Amino acid sequence: MSDVIQHKNIRLPEGSIEKQTTTLNLGPTHPATHGVFQNILELDGERIISAEQTVGYIHRAFEKLAERRPLYQITPLTDRLNYCSAPINNMGWHLTCEKLLGVQTPKRVDYLRVIIMELARISDHLICNSIVGVDTGAYTGFLYVMQYRELIYEIYEEVCGSRLTTNIGRVGGFERDFTATAFEKIEKFLKEYPAVLKEFENLFSRNRIFMERTIGAGPISAERALNYGFTGPNLRAAGVDYDVRIHSPYSSYEDFEFDIPVGSTGDCYDRFLVRNQEMWQSLRIIEQAYRKVQEFKGAEASVYHADAPEYYLPEKKDVYTKMEALIWHFKIVMGEIDIPKGELYFPVEGANGELGFYLISDGGRTPYRLHFRRPCFIYYQAFEEITKGAMLSDAIIVMSSLNLIAGEMDA
Amino acid sequence: MALNNDYIKQRLTEKFGEQVQHFEEPYGMLTFEAPKELNLKVLQFLFDDETLQFRFLTDLQAVHYPDEKGRELAIVYHLHNMVDNVRLRFKVFTSIGQPDIFSATALYAAANWMERETYDFFGVNFIGHPNLKRILNVDEMDYFPMRKEYPLEDQTRIDKDDEMFGR
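Described in the following lines is the structure provided in the data block. The residue numbers shown here count from 1 along each chain, following its written sequence. As they are written, the chains are lettered A onward and the ligands numbered 1 onward, keeping that order. Residue-level local features of this predicted model are given only where pLDDT is at least 70; pairs of side-chain atoms are given and counted only at 80 or more, and the full residue set underlies all totals for whole chains, interfaces and linings.

Considerations on helix α3 (residues 111-122) of chain B
Labels follow the DSSP assignment, with helices taken as runs of H or I lasting at least four residues and strands as runs of E lasting at least two, numbered in each case from the N terminus. An expected span of 1.5 Å times one less than the residue number is assigned to each helix. The end-to-end C-alpha separation of α3(B) is 16 Å, in line with the 16 Å expected for 12 residues at 1.5 Å each. Here the C-beta atoms are placed from the backbone, and a residue counts as buried if at least 20 other C-beta atoms lie within 10 Å of its own, exposed if 12 or fewer do, and partly exposed otherwise. Judged by how many residues are buried, α3(B) sits mostly within the fold: 12 of 12 residues are covered. Those residues of α3(B) not exposed but buried are B:A111, B:N112, B:W113, B:M114, B:E115, B:R116, B:E117, B:T118, B:Y119, B:D120, B:F121 and B:F122. By definition, residue pairs are in contact when their C-beta atoms, positioned from the backbone, come within 7 Å. Tucked inside the fold, the buried residues of α3(B) contact α14 (375-379) of chain A together with β3 (56-64), β4 (73-81) and β7 (125-127) of chain B. Within two residues after α3(B), B:G123 carries a phi angle of roughly 75°, on the positive side.

Thoughts on the packing of helix α4 (residues 107-135) of chain A against helix α16 (residues 392-401) of chain A
Residue and element names in this part refer to chain A. Comment: axis = line fitted to C-alpha atoms, over the contacting stretch for helices; angle = value between 0 and 180 degrees taken between N-to-C directions. One way to put it is that α4 packs onto α16 with a least axis distance of 8 Å and a crossing angle of 170°. With respect to their mutual orientation, α4 and α16 come out roughly antiparallel. When α4 is examined against α16, the residues I131, V132 and D135 are found in contact with a partner set consisting of I396, I397, S400 and S401. Side-chain classes are defined by residue name, with Ala, Val, Leu, Ile, Met, Phe, Trp, Tyr, Cys and Pro counting as nonpolar, Asp, Glu, Lys and Arg as charged, and the others, Gly among them, as polar. Its residues placed into classes, the contact of α4 with α16 shows four nonpolar, two polar and one charged. Throughout this description, any angle smaller than 35 degrees is read as roughly parallel, any larger than 145 degrees as roughly antiparallel, any in the 65 to 115 degree range as roughly perpendicular, and the remainder as oblique.

Topic: the sheet that holds strand β1 (residues 22-26) of chain A
Residues and elements named next belong to chain A. A strand pair is defined by DSSP finding two or more bridges across the two strands. The sheet built from three strands is open, its strands ordered β1-β2-β3 with antiparallel pairing. Both outer strands of the open sheet, β1 and β3 (47-54), are each paired with one neighbouring strand and no more. In this sheet, adjacent strand axes meet at a mean angle of 20° when their direction is disregarded. In the sheet, strand β2 (residues 38-44) pairs with β3 via seven bridges, with the strands oriented antiparallel. From the neighbouring strand, Q38 faces β3, where its bridge partner is T54.

Notes on the packing of α4(A) against helix α11 (residues 268-295) of chain A
Residues and elements named next belong to chain A. Between α4 and α11, the shortest axis-to-axis distance is 9 Å and the interhelical angle comes to 155°. With respect to each other, α4 and α11 are oriented roughly antiparallel. Handedness of the α4/α11 crossing: left-handed. Split into classes, the residues belonging to the contact of α4 with α11 amount to 16 nonpolar, four polar and six charged. Each crossing is labelled by how the near helix is turned from the far one, with a counterclockwise turn of less than a right angle marking it left-handed and a clockwise turn marking it right-handed.

Following this line, the structure appears as structure tokens:
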């Protein structure tokens, strides 16, 4: 530790400990950590010399639990990974299952999924960016955009009945068709949100205080970011245009036109800008998807699940009245259906990076092994390197602008 | 020339001969295995080779196969070539009695926590890892919970008296 400043002018009393640095425990339950994880910082004055992260405070053994659960019962586990954008996790898992089972989904299902996933991305980015605002001392943006996260949650509620841990959809599609109210709310969102996002950007993007706080805080080069396994907006902020939606399209993302925003320095400001731009792109995608959904005519216009009776849960009213449907419901829920043997890795573009599912099935009722590639667990390792030599207050912003979600980190 | 699985396979066999084996393509992703002493050499070759350029470590984890004697633990690397957008899966097997594997931390900074996680859950000993200790579980834990010999609690057990949940 040669960069420790020697305080020659300070005379310590006789017999005192000559430690010139301060150890600071940031977390596990610090208001600025936004989640349960601990950072042991070694400080010289206000500069960070080293940081040691401790994670695992809310480890819930999802991978072990998944080894006993049939495919349907794993969906609620995925909710609790990145709970700020649970629908992306749910659909990522369903897409993994569909690939394993060989289920083809109709286009309308794909587009409806895209709408929900992009809404989830917007709500996740909103939280992340507005929290960066809060940590730099601007509370207004956070409260203002919260109304629109609420609207997104209302759309989830209309589609699946729950808000935060959504458990949305089924293997093969959705549990029910989108209601007229759901479409109305999506329309309302598309109409009102651009103005709000514009205003949110106006509050921050060229705000002198915000810029001073975030420019140059926690920068990372593209090369280091790749070496550290960065994905998602954090990698794009460092200047690498990698996006799973483009590189290995799923759920018909190839049908949509959108750009990948990239930054250059990979600091907090770039990460903020990239997320903001991504929200605009998500809006573009939702608009296109919404138009495409409206264009379906006749019988196609009410398709909301794949024709896969052996994997898709039968309708509730049939389950209550018909023997056949009841049997199938029971078989599917209890995991008595045939699952092919196989090994696959399926990535989706989660809100904070590449969310991957590595699934090994041995043909039994439950996965033999399921591993979640959790993006923020992987990129949080870089925290020490990117905050070394920075001020304590920068560390807080870096932490929030990396979009760390404790639930995802600890699985 | 676009990079495809046949070409990767050919390059690997040219370099390592018989030692890389079990080439498969489940769901289109090239999968192969190598002896565990060679894991770093293979990773380094895939990293350095001008035509292959697998420079992104997507994921690293282990799988436990208790019935395969002498090769109970599989360590699985998922690599990604971002230039040509090709992924591959690379496995090494090790016995559970002596689960020693060379650490890939020098090649990929991202491997640090992934290897710690793998150690935490499967007890794979990564040689050369700078800080190999438990990451998600408590430090006092004296077993490796993801191994198959530790089943989850029987869901139908009735001997447990739990005031909170009335089981």
